Amino acid sequence: MLAEMGVGPVWTARHASAPGVDARVDQLAGGEVDSIAGPAHAAVATAEVAAGSVAGFAAEVATDYATVAVSRQASPAGLDWAALQQAVAGCTACGLCSTRKNTVFGVGDRKASWLFVGEGPGRQEDLQGEPFVGPAGQLLDNMLKALGLQRGGNAYIANIVKCRPAAADGRDRPPSEEEIAACLPFLERQVELLQPTVIVALGKVAAVSLLGLPADTPVGSLRGTLHSYRDRPLVVTYHPAYLLRQPADKAKAWRDLCMALTAHAAAG
Ligand code: URA
């Protein structure tokens, strides 16, 4: 909300200024943070520095800088496609950055009127840096084909989180609420740039994250209703990985896609 209003991080003066602090601050920031305006910069000087106790001060400043860096990464308002992709590639807003091989930004036609949103990258997607490249991806490609679409052909595919959530045993796992909250601004900006006519949420995580619903909302209760995401029609259907396990539900998924087709025709 603050970023939308053009308001940056709020710095509060805690201590008096001390000479030589700026250089130390820049060193601590590791060049990752934009320079800060003079008066605000001076405000981080502490009595500890004056007393020669730099270590405690250094830790405080480093913490403040980390907070600023994260809040900037999580506020991609106004970025164009290239800058947004770069921001995702360098994101350290949650712990998933420490285990990822690649960020998985999204793929497809940046002028597409259809947006398909999954949960998050799995092992294959993490290795290749592209969403839905495993078996679930093949099924998604078939779902697109049934709609007369393809990757790069009036369809864009993205995920709620851009880095692979992996469990301690190395398996894929759903993203946590914190990971979703950290990453969602990137998808929100993708939606703003894409301006899709219709959004299809693939599975529960995509649906509840976009619709702001409790995490335990059953996906079955969201199907069959035309939802709205920022004034755009949103249709919920099963995740392709679920459909691989429960092929009998493919007929229901097709009904969902037909609803999406109708919504697309009505809005397009
Ligand atoms: N499942 C998802 O939700 N997204 C992917 O990119 C791959 C599998």
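In short, a report on the structure. (Residues numbered from 1 in each chain as written. Predicted model: local features only at pLDDT ≥ 70, side-chain atom pairs only at ≥ 80, totals over all residues. Heavy atoms only, no water.)

### Some thoughts on the overall build of the chain
A tally of regular secondary structure across the chain gives 11 helices and seven strands. Among the 268 residues that make up the chain, the fraction classed as buried is 43%. Taking the contacts inside the chain whose residues are at least 6 apart along the sequence as the reference set, 71% of them involve residues at least 24 apart. Carbon and sulfur atoms make up 55% of the accessible area of the chain, which totals about 13,200 Å². (Helix = DSSP H or I, 4+ residues; strand = E, 2+ residues; numbered from the N terminus. Buried < 20%, exposed > 50% of the residue type's maximum accessible area, 1.4 Å probe, protein only. Contact = heavy atoms within 4.5 Å. Areas by Shrake-Rupley, 256 points an atom, 1.4 Å probe, with all protein chains shown as cover.)

### Focus on the environment of alanine 136
When you line up the elements, alanine 136 lands in helix H7 (residues 135-146). Accessibility expressed as a relative area gives 14% for alanine 136, which makes it buried. The sequence separation of alanine 136 and leucine 243 amounts to 107 residues, and the corresponding C-alpha distance is 8.4 Å. In contact with alanine 136, other than residues within four places in its own chain, are Pro240, Ala241 and Leu244.

### Here we look at the state of the cysteines
Between two cysteines, a covalent bond joining their sulfur atoms is known as a disulfide. A complete count under the given rule lists zero disulfides for this structure. Here cysteine 97 is not cross-linked by a disulfide; its sulfur's nearest cysteine counterpart is in cysteine 94, at 6.4 Å. With no disulfide of its own, cysteine 163 lies 6.3 Å from the sulfur of cysteine 94, the closest cysteine sulfur. (Disulfide = S-S within 2.5 Å.)

### A short note on the pattern of salt bridges
Taken as a whole, this structure holds 10 salt bridges when the rule is applied. Salt-bridge contacts for aspartate 169 lead to arginine 171; the nearest nitrogen and oxygen are separated by 3.6 Å. Note on accessibility: aspartate 169 and arginine 171 belong to one class, exposed. The residue aspartate 249 makes a salt bridge to lysine 252 at a minimum N-O spacing of 3.5 Å. Three or more residues joined by partner-sharing salt bridges are found here, namely Glu188, Arg189, Glu192 and Arg230. (Salt bridge = Lys/Arg side-chain N within 4 Å of Asp/Glu carboxyl O.)

### Comments concerning empty space enclosed by the protein
The full count for this structure, using the stated rule, is one cavity of 30 Å³ or more. Cys91, Cys94, Arg100, Cys163 and Cys183 are the residues nearest the centre of the largest cavity, which is lined by 15 residues in total. Classifying every residue of the lining of the largest cavity gives 10 nonpolar, two polar and three charged. (1 Å grid on protein atoms, 1.4 Å probe; cavity = no way out; pocket = protein on both sides within 12 Å on 5 of 7 lines; lining within 4 Å. Points joined across faces, edges and corners; volume = space filled by probe spheres on them. Nonpolar A, V, L, I, M, F, W, Y, C, P; charged D, E, K, R; others polar.)

### Focus: helix H9 (residues 204-211)
An α-helix turns once per 3.6 residues; consequently, residues spaced three or four apart project the same way. Here H9 lies mainly inside the structure; six of its eight residues are buried. Within H9 the residues assigned to the buried category are Val205, Ala206, Ala207, Val208, Ser209 and Leu210. Buried residues along H9 sit against strand S2 (114-118), helix H8 (177-194), strand S5 (198-202), strand S6 (227-229) and strand S7 (232-237). Following H9 by one or two positions, glycine 212 has its phi on the positive side, about 65°.

### Notes on helix H5 (residues 81-89)
When we look at burial in H5, the residues that qualify are Trp81, Leu84 and Val88. Take H5 and look down its axis: the buried residues cluster within an arc of 65°, on one side only. Pointing more than 90 degrees away from the buried face of H5 are the exposed residues Ala82 and Gln86. Against the buried residues of H5 lie strand S4 (154-159) and H8. (Arc of directions from axis to C-beta.)

### Brief notes about the site of the ligand
Near the ligand, the surroundings consist of Gly118, Glu119, Gly120, Glu125, Pro131, Phe132, Asn159 and His239. Taking asparagine 159, its side chain carries an N or O atom lying 2.8 Å from a nitrogen atom of the ligand. The site holding the ligand turns out to be the largest pocket. For the shell around the ligand, a count of residues per class yields two nonpolar, four polar and two charged. (Near = heavy atom within 4 Å. Polar contact = N/O pair within 3.5 Å; in protein donor to acceptor, adjacent residues only side chain to side chain. Sits in = over half its atoms within 2 Å of the grid points.)

### What about the layout of surface pockets?
Picture a little ball the size of a water molecule; that probe, rolled over the atoms, points out where space is still empty. Here the largest pocket is characterised by a volume of approximately 650 Å³. Every residue lining the largest pocket is counted, 28 residues in all, and those nearest its centre are Glu119, Gly120, Asp172, His239 and Ala241. Of all elements in the fold, only helix H6 (123-128), H7, H9 and helix H10 (240-245) reach the threshold of two or more residues within the lining of the largest pocket. With four residues, H10 is the largest single contributor of residues to the lining of the largest pocket. Here the lining of the largest pocket is composed, by residue class, of 13 nonpolar, eight polar and seven charged.

### Focus on unusual backbone geometry
Although it is not a glycine, glutamine 195 sits at a positive phi angle of roughly 55°. Note on placement: glutamine 195 falls in the loop between H8 and S5. The phi dihedral of arginine 230 is positive, around 50°, even though this residue is not glycine. Topologically, arginine 230 is positioned in the loop between S6 and S7. The partly exposed category is assigned to arginine 230, whose relative accessible area is 46%.

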